[in-house]
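# Chains, contacts and geometry: an overview
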Amino acid sequence: MSGPWPFAGRAAQLAELGSAREGAVVLGPAGAGKSRLVAEAVLGRRGVAWVRATKAAAELPLGAFAHLLPASPPAANLLKWAADSIEAEVLVVDDAHALDPVSAALVHFLAVHARVRLLVTVRSGERPPDTIVALWKDDLLPRLPLEALSLDDTAEVLAGALDGRVESGSLARLWHTSRGNPLYLRELVLSGVLRDVGGLWLWHGPLAMSTTMRETIAARIGDLTSAERSALEFLAHGEPLGAELMASLGSGPAVEGLEERHLVTVQADGRRLQVRLAHPLYGEVVRSSCGVLHTRTILRSLADAVAASGLRRREDVLRVAVWRLDAGDGADPSLLLQACGHARAVRDLPLAERLARAAGDSGRAWLALASALHLQDRYAEAEEFFARAWSAPLDPVSRMECAAMRTLNLFWGLGRYDHSVVEEALRQASSPDQRQILRAFAATVRFGTGDFDAAVAEVESARRTASFGRAARGSLLVLETQVRAAAGETARALRCATEALEMVAGEPQAKPSITAVLLDTAALSAAMSGDLDRADGLAARFGEDDEIGAWNRAALQASARKSQLLRLRGRLRDALEVGEESMFRLPPLRTFHAGPCLGEIAHAHALRGDVEAAEAAIGRARELMLPVGPVTDLPVGFAQVWTMAARGDLDGAVARALEIGETPYLTFALFALHDVVRLGRPELVADRLASLRVDGVLAPLFARHAAARTGSELLEVSASFAGLGFTLYAAESAAQAAARHLEAGEPQKATAAETRAWALAQRCQGAGTPALVGLSLPRLTPRQLEIATLAGQHLTNREIASRLHVSVRTVANTLYAVYQKTGVTDRTALAEILRSLRS
């Protein structure tokens, strides 16, 4: 990695530079890759001369051009003499903002008189000579702004540099930290923040800065007045800070100067102006220059200033508490517990744990600590502090929270369902709302154990109650969303999820646990109803929510759901990429996440026919699974179905699918029964599928698939699956149609169906299910392919003959042969087949 990095992520800019005949000015910040871009543009070209401007060269007129000019300049016509002396077709002027005035005038002279093709780089944020600014201001040369690398560009650069893939969370962190600056990105990687784990690169440990990066950033910051340094120090330790707060700290005028130098940004946030450092790495450099005592003084000043303003924002409580701790000062336990709640809500769980421990020994402090440990998957430690809190004096709301969280911790963390905790809390509850919240939590756990009827009964019972407060209604909606989805009432589940998400959005603090459950269940409901686009959109919101995306447990939940949705689309390789990232997030203990995550990995491997990899993933799941109920167990069951099928044990696969199909949870039964159809035994499940009542278009389509008896009916099913985005199902049903046509003595229709199946299967990233085994692609000769391509573009036979200088009869005969091989009968269908052949 220490050598030159691969050039990537700048293809569009390189093409634009290549098409600029007179040259161009490339403008961008330090480290953006201006010089590298220009070097790539002239790579392999003859007649290229380079001029590199430096501060030292700028001490002398034409200093940067000295190596291109004769030793003795004339007394007059200096610019013309210099221009005539440059023997080059292309002149690269790097860092033109640093040129001396005469050199800058020479560049302008060359541009005006078009003596040479000029490629000029200028660092943004600097003040170049007026003659350089005139290059683009007077339209002498086009200006090409070089923006930061996008996230996708960053992934491309890193893939080339590391010869491997960077885990998505680590990639996002690298991109955010570097802000897409190629130089900073390279130095971050060289500092060792990434570790190769089985071919996947992951961020590990704290941020480390190389000497080169530190010096580069220090040079960018430049010389500072004492007021400017003080302002940067406040921001480095406390950003974002309000402009009014900065003024109260005596840094108002300094901020104006720093903004002009692009070292800070000032942006409106509601009615306030917020000041931030212009780049996150500036803060690293500034903080590293502050000693321990000076840092404590800064933090104490920040805490006093924000506290004096009245802690008007929720995050102010968290920041003041942390600043006081880091400054070595004591903090009021109630302030620490308030701050802990906020840290837990934004899923900064190590900080929440630290604040809870600092809050001392009390029931509320132990409850806060237990909750932080639970959310970090440290379930045994959490149970210890939940038990302590339960035995201590607690207010009614805290006791209710303790009962609910302890019940969840015991079940999802330790695999034990202890109903006595909730029952005791119910006896102590002082209001109907508290009792409803507790019953909803208990029913949610029983739903997880597989006691579907109890969960349904709780929902129906609660619905008969006249009214609840906001919190009680929210807890009921979370339960009802899951129950309605499992019952096949996906439309109602989506309505419940939407209402609950709107309620959560209106809460003063984020609720990532509830949000994650709602988004996950809503995505599943949308998929069950046949709306994969909506399901994808809901699943994508996991990553868009900062609190959810940074939380390991929610990331695992999102990975499993996204893998499932990709698998349903037939994007098996993509499903594996997403799923395999989750393996590195699994905690080092038996966990309920192992079943869904590893089950999806095994499922995708099995559909691709990789039995060994599928069995390895199933084995790993058995080692890590905390088997608590269908939600954790059945994803592995589906993988077993298709692993048996890939091994050739179709009877075993059908039997296992039928077994899963008996579950009352239609989220699983619907797909299990359809798997039997896909495995070639529709008669076993046709009646059951026809009787299922699941909202949306997918369940009726599954029933049509099971009931289809002719090749034509199966092709209609295939077209419907394809229209919904279920490409693998579309390919399999087309392959089944080919077999039915062949059985019916319709060989040409069989060929057409097989061709369709093959074309669809090509989009399924290596799918090798039993229905698809043995599919063959239509083999066309070069002449047949040439004529077929033109026909697919809707040219007439006469037009094709004229273009290829052959007879019309030859075109007609060739197309007849093409139609026989492919089984299609018109030009539109032929064009679709040809697109698949080339994909």
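About the thresholds
- Residues numbered from 1 in each chain as written.
- Predicted model: local features only at pLDDT ≥ 70, side-chain atom pairs only at ≥ 80, totals over all residues.
- Heavy atoms only, no water.
- Salt bridge = Lys/Arg side-chain N within 4 Å of Asp/Glu carboxyl O.
- Helix = DSSP H or I, 4+ residues; strand = E, 2+ residues; numbered from the N terminus.
- Buried < 20%, exposed > 50% of the residue type's maximum accessible area, 1.4 Å probe, protein only.
- Disulfide = S-S within 2.5 Å.
- pLDDT = per-residue confidence, 0-100.
- Contact = heavy atoms within 4.5 Å.
- Axes fitted to C-alpha atoms, helices over the stretch in contact; angles between N-to-C directions.
- Parallel < 35°, antiparallel > 145°, perpendicular 65-115°, else oblique.
- Left-handed = near helix turned anticlockwise from the far one by under 90°.
- Nonpolar A, V, L, I, M, F, W, Y, C, P; charged D, E, K, R; others polar.
- Pairing = 2+ DSSP bridges.
- Core = buried A, V, L, I, M, F, W, Y, C linked by side-chain atoms within 4.5 Å.
- Phe/Tyr/Trp six-rings, centres within 6.5 Å; stacked < 30°, edge-to-face > 60°.
- Lys NZ or Arg CZ within 6 Å of the ring centre and 35° of its normal.

### Side note on the pattern of salt bridges
A pair can form between side chains of opposite charge whenever their charged atoms are brought close. Applying the stated rule across the entire model yields 42 salt bridges. A salt bridge links R186 to E187, with the shortest nitrogen-to-oxygen separation between them at 3.8 Å. Here E353 ties to R357 by a salt bridge, and the two come within 3.1 Å at their closest N and O atoms. Taken together, the residues E353 and R357, both in helix α17 (residues 349-358) and four residues apart, mark about one turn of the helix. Judged by its relative accessible area of 12%, E353 falls in the buried class. Of the residues examined, R357 reaches a relative accessible area of 41% and is grouped as partly exposed. Among the charged side chains, a network of salt bridges with common partners joins E460, R463, E480, R484, E489 and R492.

### Focus on the state of the cysteines
Applying the stated rule across the entire model yields zero disulfides. Not engaged in a disulfide, the cysteine C340 finds its nearest cysteine sulfur in C402; these two sulfurs lie 14 Å apart.

### Observations concerning the confidence of the model for the protein
One rule of thumb: low pLDDT means the predicted coordinates there are not for detailed reading. On average, residues of the protein carry a pLDDT of 91, and 98% of them reach 70 or more. Looking over the protein, one finds the lowest element-wise mean pLDDT in helix α28 (residues 546-549), namely 57, and the highest in helix α37 (residues 698-707), namely 98.

### A word on the environment of L188
Along the polypeptide, L188 turns up in helix α8 (residues 182-190). Distance in space between the C-alpha atoms of L188 and W50 is 29 Å, their sequence separation being 138 residues. When neighbours within four sequence positions are excluded, L188 is seen to be in contact with L174, T177, S178, V193, L207, A208 and M213.

### Comments concerning the packing of helix α32 (residues 611-624) against helix α33 (residues 630-647)
Packing of α32 against α33 leaves a shortest axis separation of 10 Å and a crossing angle of 150°. As far as their axial angle goes, α33 and α32 are roughly antiparallel. Regarding α32 and α33, the two cross each other, and that crossing is left-handed. The segment α32 lies against α33, with V611, A614, E615, I618, A621 and R622 engaging V636, A639, Q640, T643, A646 and R647. Split by residue class, the contact of α32 with α33 holds seven nonpolar, two polar and three charged.

### Here's the deal with the sheet that holds strand β2 (residues 48-52)
Sheet strands line up and pair through hydrogen bonds in the backbone, either parallel or antiparallel. Pairing is parallel across the open sheet formed by five strands, whose spatial order is β2-β3-β4-β1-β5. The sheet is open, and its two borders are formed by β2 and β5 (143-145), each paired with just one other strand. Adjacent strand axes in the sheet meet at a mean angle of 15° when their direction is disregarded. By the bridge criterion, five bridges tie β2 to strand β3 (residues 90-94) in an arrangement that is parallel. Of the residues in β3, the one forming a bridge with V51 is V93. Across the sheet, helix α4 (residues 101-112) is in contact with β3 and β4 (117-123); its angle to β4 comes to roughly 140°.

### Points about the sheet that holds strand β9 (residues 241-242)
In space, the three strands of this open sheet follow the order β9-β11-β10, with antiparallel pairing throughout. Each end of this open sheet is capped by a strand with a single partner; those strands are β9 and β10 (264-269). Sheet topology note: the β9/strand β11 (residues 272-277) ladder contains two bridges and is antiparallel. Among the inter-strand pairings, G242 is bridged to a residue of β11, identified as Q274. Helix α10 (residues 226-238) contacts β9, β10 and β11 of the sheet and is inclined by roughly 95° relative to β11.

### What to know about the pairing of strand β8 (residues 200-203)
The side-chain alternation of β8 yields two buried faces, one formed by L200 and L202 and the other by W201 and W203. One ladder, built from two bridges, connects strand β6 (residues 165-166) with β8; its direction is parallel. Looking at the pairing, V166 lines up with W201 of β8. If you look at the hairpin formed by strand β7 (residues 194-197) and β8, you'll find two residues sitting between the two strands, and G198 has a positive phi there, around 60°.

### Let's talk about the nonpolar core
Counting 93 residues, the largest nonpolar core has L158, L174, L194, I217 and L355 as its most contacted members. With eight residues, the single largest contributor to this core is helix α18 (residues 363-375). Leave out the neighbours within four places in its chain, and L355 touches L318, A321, V322, L325, L336, A339, C340 and A343. In terms of nonpolar packing, the next biggest core, distinct from the first, is built from 88 residues, A455, A500, V685 and A699 among them.

### Observations regarding the environment of L373
Structurally, the position occupied by L373 is in helix α18. When the C-alpha atoms of L373 and F385 are compared, they prove to be 9.0 Å apart, with twelve residues separating the residues in sequence. Residue contacts for L373: discarding those within four places in its chain leaves E353, R357, R378, E381, A382 and F385.

### Notes on the side chain of T154
Checked against the element boundaries, T154 lands in helix α6 (residues 151-162). For T154, a relative accessible area of 0% translates into the label buried. In this structure, T154 is in contact with L149, L171, W175 and L185, ignoring residues within four places of it in sequence.

### Comments concerning the side chain of H605
Among the structural elements, H605 can be located in helix α31 (residues 594-607). A relative accessible area of 12% means that H605 is categorised as buried. Excluding its chain neighbours within four sequence positions, the residues that come into contact with H605 are L576, E580, D610, A613 and A614.

### Some thoughts on helix α5 (residues 130-137)
When we look at burial in α5, the residues that qualify are I132, A134, L135 and W136. As for α5, its buried residues are in contact with β1 (23-28), α4, β4 and β5.

### Structural notes on the packing of helix α22 (residues 432-449) against helix α24 (residues 470-486)
When two helices pack together, their arrangement is captured by the angle between the axes and the distance separating the axes. Contact geometry of α22 with α24 gives a least axis separation of 8 Å together with a crossing angle of 25°. Relative to α24, the element α22 lies roughly parallel. Both α22 and α24 take part in a crossing whose hand is left-handed. For the pair formed by α22 and α24, the contact residues are D433, Q436, I437, A440, A443, T444 and F447 on the first element and A471, A472, S475, L476, L479, Q482, V483 and A486 on the second. Of the residues contributing to the contact of α22 with α24, the split by class is ten nonpolar, four polar and one charged.

### A word on the packing of aromatic side chains
Tallying each qualifying case throughout the model produces eleven aromatic pairs. Both rings, one in F411 and one in W412, keep their centres 4.7 Å apart while their planes meet at 70°; by these two values the pair is edge-to-face. As far as the burial class goes, F411 and W412 line up, both buried. Their ring planes at 55° and their centres at 5.2 Å tell us that F452 and Y665 sit as a pair that is tilted. Placement of the pair is F452 in helix α23 (residues 452-463) and Y665 in the loop between α34 (650-660) and α35 (666-678), with a sequence separation of 213 residues. Through pairs of rings, three or more aromatic residues link up here, namely F671, F702, F721, F726 and Y729. One Lys or Arg, R347, reaches over the ring of W551 and ends 4.1 Å from the middle of that ring. Over the ring of W366 we find R388; its NZ or CZ atom is 5.8 Å from the centre of that ring.

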